[in-house]
Amino acid sequence: MRRHLLTSTTAFVLLLAASPAWAQSMDEGIKFLDAEIGDMSTLSRADQEAELKWFMDAAAPYVGMDIKVVSETITTHEYESKVLAPAFTALTGINVTHDLIGEGDVVEKLQTQMQSGENIYDAYINDSDLIGTHWRYQQARSLTDWMAGEGAEVTNPNLGIDDFIGTSFTTAPDGELYQLPDQQFANLYWFRYDWFNDPKNQEDFRAEYGYELGVPVNWSAYEDIAKFFTGREIDGQSVYGHMDYGKKDPSLGWRFTDAWLSMAGNGDKGIPNGLPVDEWGIKVDENSRPVGSCVARGGDTNGPASVYAIQKAIDWLKDYAPPEAAGMTFSESGPVPAQGAVAQQIFWYTAFTADMVKEGLPVMNEDGTPKWRMAPSPHGVYWQEGMKLGYQDVGSWTLLKSTPVDRAQAAWLYAQFVTSMTVDVKKSHVGLTFARESTIRHQSFTDRAPELGGLIEFYRSPARVQWSPTGTNVPDYPKLAQLWWQAIGDASSGAKTAQEAMDSLCAEQESVMERLERAGVQGDIGPLLAEEHDLAYWNADAVAKGNLAPQLAIADEKEQPITVNYDELVKSWADANAAN
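Below, the structure is looked at part by part. From a predicted model like this one, the values you see are computed outputs, not experimental measurements.

## Description of the overall build of the protein chain
Secondary structure summary: the protein chain contains 24 helices and 13 strands in total. In terms of overall dimensions, the protein chain is globule-like: its C-alpha atoms have a radius of gyration of 25 Å, near the 25 Å expected for 580 residues. Dimensions of the protein chain, computed from C-alpha atoms along their principal axes, come out at roughly 80 × 60 × 45 Å. For the protein chain, the share of sequence-separated contacts (at least 6 apart) that also reach a separation of at least 24 residues comes to 76%. Approximately 21800 Å² of the protein chain is accessible, and the part contributed by carbon and sulfur atoms is 51%. Separation between the mean location of the 44 positive side-chain charges and that of the 83 negative ones in the protein chain comes to 2 Å.

In structure tokens form, the structure reads like this:
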């Protein structure tokens, strides 16, 4: 290896002689590769150095420029801000300030820049949930046009768009790519593998429920397992069968906009999102114009599947979660499963994996392997094959048109650097969020997989495509998303029934869409609200067109419970991969 490093570096020395300034930068690049990357890359050392050379050459017109970018505060972005940004500056001479702020603050800054036209940040890493917003308002640059036009000279020839696993989420109905994925993580089912494989637990569960304790395929089985473990004594402590959070706080909205309703069976079939009705219950016409959210206009936000979803969340929180969970926010509830008293969680973000595998935790074995596993989320009684099954958060680079071209070009170089094949494997080991297929398949993750509780198996599985972010039916994510936590909070607190809360939410969503329609700011792809009819009318219309939503209420929502053996499930994924 050392000989290889000397040989490839020697080749660059011949190129450096003609440019002392570039030589100094490349020296910084080689130090960075030696100290930080090593063999943690899908590229050979020679190709890593070639990619750094390209960044250096492309950055020459922007040397000395100060740019500002922003992202939410998660481990992956902390690594970019603290390690990759300084390396990029040393490499290129472009001074990068990578701010880390709350997710809601990122959206607020983005919204302010869109409304004012003032260039607050030169690039944003914001969730792909805003894809419908970016497409309809046309204030974000189409990266398809950008890479062929004003950004062509600063687009890495080794970028490899096809290698990014999230581009279907950041491509609008017009076929244009509006955002470049930087990282993504899913919400999955989490459970105590050791408890589920304990012979006594298995025997007692079989005796009580008449079927095998295993990974729940549907909500009916999840509910049985939650009831079974709640109050059960394990290792000298009373444990709980479920974990969630319920405080009336903006993060409560994420809990539900992040595909909770689709897991229940809200909306229509379709990957990555239901069409014509998506997982928010918003319906669009054949031209992708939103026509309604309420059942009365053919939507599903307040339909039987959605009300069932909300009611289950409320009941399970009350009956099977620790009492303090009802007063917790997203961030407060996140660490609780790692404390060792929770048997399962139906909706757990894989972004917590890095914190869940720390040495010494009650949920870790002495050999560094976890006592827990992650698996596909169970689905509700209204769910049908062909529907999405969960959420993936896809933080993605966005260039607004209000950013001057030269500043956008410099920021685009940085965006490509932190997502490049040179650095992506190492970055993914730090944050355990993935953006590239080549990274997921890297040998280092095969080696590390036993320590990560199923994360790698999931991301290599064909099941992965059933998890997706908010889609393009949502015409204005910032305006609509803020309505959810208030409505759900009313249901969670008991101020309103689940039906009343969802009736209120869909009406408020339609009020926003009505204002957008009246203002005409989104042109011929903005909302165009439909006439109102009853549930029976719209269900019959959907069925006649081969669709589902809004579905009629199911009389018995406690379906036959189904479980699967986790080890057999993982084997089936491996077999599918081998066949591909």
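Additional details are given in the paragraphs that follow.
## A look at the pattern of salt bridges
All chains considered together, the criterion is met by 30 salt bridges. Note that Asp122 and Arg407 form a salt bridge whose closest N and O atoms lie 2.8 Å from each other. One end of the pair, Asp122, is in the loop between α5 (103-116) and β3 (123-127); the other, Arg407, is in helix α16 (residues 405-418), and 285 residues separate them in sequence. Among the charged side chains, a network of salt bridges with common partners joins Glu223, Asp224, Lys312 and Lys558.

## Quick look at the state of the cysteines
Within the structure shown, the criterion is met by one disulfide. Put simply, Cys294 and Cys506 are joined by a disulfide, and their sulfur atoms are 2.0 Å apart. Judged by the sign of its S-S torsion, about 95°, the bond between Cys294 and Cys506 is right-handed. You can see Cys294 sitting in the loop between β9 (290-292) and α13 (304-320) and its partner Cys506 sitting in helix α22 (residues 498-519), a full 212 residues away along the chain.

## Section: helix α21 (residues 477-493)
An α-helical segment advances 3.6 residues per turn. Residues three or four places apart therefore align on the same side. Between its terminal C-alpha atoms α21 stretches 25 Å, which fits the 24 Å expected from 17 residues at 1.5 Å a residue. For α21, the set of buried residues is Tyr477, Pro478, Leu480, Ala481, Leu483, Trp484, Ala487, Ile488, Gly489, Asp490 and Ala491. Looking at the buried residues of α21, the elements they touch are α5, α6 (131-137), α11 (250-257), α12 (260-264), α13 and α22. Just downstream of α21, Gly494 is the residue with a positive phi angle, here 90°.

## A word on the side chain of Asn218
Relative to the elements of secondary structure, Asn218 occurs in the loop between β5 (215-216) and α10 (219-229). From its side chain, Asn218 meets the backbone oxygen of Gln560 in a polar contact 2.8 Å long. Those residues in contact with Asn218, other than ones at most four positions away along the chain, are Pro378, His379, Glu559, Gln560, Pro561 and Ile562.

## Some words on the environment of His429
You can see His429 is positioned in helix α17 (residues 421-431). Its relative accessible area of 12% is what places His429 among the buried residues. A C-alpha to C-alpha distance of 8.1 Å links His429 and Phe445, two positions 16 residues apart in sequence.

## Remarks on the environment of Ala449
Structurally, the position occupied by Ala449 is in the loop between α19 (443-448) and α20 (455-459). Taking relative accessible area as the criterion, Ala449 reaches 9% and is therefore assigned buried. Taking C-alpha positions, Ala449 is 9.5 Å from Thr369, a pair spaced 80 residues apart along the chain.

## Remarks on the pairing of strand β12 (residues 392-398)
Among the seven residues that make up β12, seven are buried, leaving the element largely enclosed by the rest of the structure. The two faces of β12 match: Gln392, Val394, Ser396 and Thr398 on one face and Asp393, Gly395 and Trp397 on the other face are all buried. For β3 and β12, the ladder comprises four bridges, and the chain directions are antiparallel. Across the sheet, the residue bridging to Ile125 is Trp397, located in β12.

## Digging into the nonpolar core
Membership of the largest hydrophobic core comes to 114 residues, with the highest contact counts inside it found for Trp219, Phe229, Phe256, Trp260 and Trp372. With near-sequence residues (within four places) excluded, Phe256 lies in contact with Leu261, Ile310, Ala313, Trp484 and Ile488. Judged by nonpolar contacts, the second largest core, of 46 residues, contains Ile30, Tyr62, Met65 and Leu399.

## Here's the deal with the environment of Leu389
Inspection of the secondary structure assignment puts Leu389 in the loop between β11 (373-375) and β12. Take Leu389: its relative accessible area is 5%, and that puts it in the buried class. In this structure the C-alpha to C-alpha distance between Leu389 and Asp163, which are 226 residues apart in sequence, comes to 23 Å. Ignoring sequence-local partners within four residues, the contact set of Leu389 consists of Met263, Ser377, Pro378, His379, Trp383, Gln466 and Trp467.

## Examining the packing of helix α4 (residues 75-92) against α16
Taken N-terminus to C-terminus, the directions of α4 and α16 make an angle of 120°; their axes are 10 Å apart at the nearest point. For the element pair α4 / α16, the angle class is oblique. Along this stretch, α4 crosses α16, giving a crossing that reads as right-handed. Contact residues: α4 offers Glu80, Ser81, Leu84, Ala85, Ala87, Phe88 and Leu91, while α16 offers Ala410, Leu413, Tyr414, Phe417 and Val418. Partitioned by chemical class, the residues of the contact of α4 with α16 number 10 nonpolar, one polar and one charged.

Rules of the game
Residues numbered from 1 in each chain as written. Predicted model: local features only at pLDDT ≥ 70, side-chain atom pairs only at ≥ 80, totals over all residues. Heavy atoms only, no water. Helix = DSSP H or I, 4+ residues; strand = E, 2+ residues; numbered from the N terminus. Rg over C-alpha atoms; globule rule 2.2 N^0.38 Å. Contact = heavy atoms within 4.5 Å. Areas by Shrake-Rupley, 256 points an atom, 1.4 Å probe, with all protein chains shown as cover. Lys, Arg positive; Asp, Glu negative; His and termini not counted. Charge placed at Lys NZ, Arg CZ, Asp CG, Glu CD. Salt bridge = Lys/Arg side-chain N within 4 Å of Asp/Glu carboxyl O. Disulfide = S-S within 2.5 Å. Expected span 1.5 Å × (residues − 1). Buried < 20%, exposed > 50% of the residue type's maximum accessible area, 1.4 Å probe, protein only. Polar contact = N/O pair within 3.5 Å; in protein donor to acceptor, adjacent residues only side chain to side chain. Pairing = 2+ DSSP bridges. Core = buried A, V, L, I, M, F, W, Y, C linked by side-chain atoms within 4.5 Å. Axes fitted to C-alpha atoms, helices over the stretch in contact; angles between N-to-C directions. Parallel < 35°, antiparallel > 145°, perpendicular 65-115°, else oblique. Left-handed = near helix turned anticlockwise from the far one by under 90°. Nonpolar A, V, L, I, M, F, W, Y, C, P; charged D, E, K, R; others polar.

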